[in-house]
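One-letter residues, chain by chain:
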Amino acid sequence: MFGLSLSKILLTALVIWLVWMLFKRIGGVARQGAARPSPAERARAAAEEVTRRQSAETEKAAGAALELQACPTCGSYGTPGSTCHCGYKHPPA
């Protein structure tokens, strides 16, 4: 009733092989659409992002610093171009 013959084994192997090739082809098309970058490309992109963030933070910090000038009259410090509480006008930078 369920005897195994050479033709049944070959037909089953052929069907399995065809299904396997079909799934390989479908999977290959799906992978081509979403090409993943290599590990080297991902590492380079991550390094560029870190460098970009660090340079942006450095520029922010550099723009935020002010050089204070000492008042010769009272000794307090003020920003260039400002007026001290004693009336001394700090020269512009």
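Everything below is about the structure printed above this text.
Residues numbered from 1 in each chain as written. Predicted model: local features only at pLDDT ≥ 70, side-chain atom pairs only at ≥ 80, totals over all residues. Heavy atoms only, no water.

### Here's the deal with a nonpolar patch on the surface
Okay, so step 1: Side chains of L11, L14, V15, W17, L18, V19, W20 and F23 sit close together on the surface and give an oily, nonpolar patch of about 850 Å² of accessible area.
Okay, so step 2: Here V15 shows up in helix 1 (residues 6–33). (Patch = residues over 30% accessible without salt bridge, like charges linked within 9 Å, V, L, I, M, F, W, Y side chains within 5 Å. Areas by Shrake-Rupley, 256 points an atom, 1.4 Å probe, with all protein chains shown as cover. Salt bridge = Lys/Arg side-chain N within 4 Å of Asp/Glu carboxyl O. Helix = DSSP H or I, 4+ residues; strand = E, 2+ residues; numbered from the N terminus.)

### Some details on the pattern of salt bridges
Okay, so step 1: In total, this model carries three salt bridges according to the counting rule given.
Okay, so step 2: The partner of E48 in a salt bridge is R44, with the nearest N and O atoms 3.1 Å apart. Of this pair, E48 and R44 both sit in helix 2 (residues 39–64), four residues apart, which is roughly one turn of the helix.
Okay, so step 3: Two residues, E49 and R53, come together in a salt bridge whose shortest N-O distance is 3.2 Å. Of this pair, E49 and R53 are both found in helix 2, four residues apart, which corresponds to roughly one turn of the helix.
Okay, so step 4: A relative accessible area of 29% places E49 in the partly exposed class.
Okay, so step 5: By sharing partners, the salt bridges in this structure join E49, R52 and R53 into a single network. (Buried < 20%, exposed > 50% of the residue type's maximum accessible area, 1.4 Å probe, protein only.)

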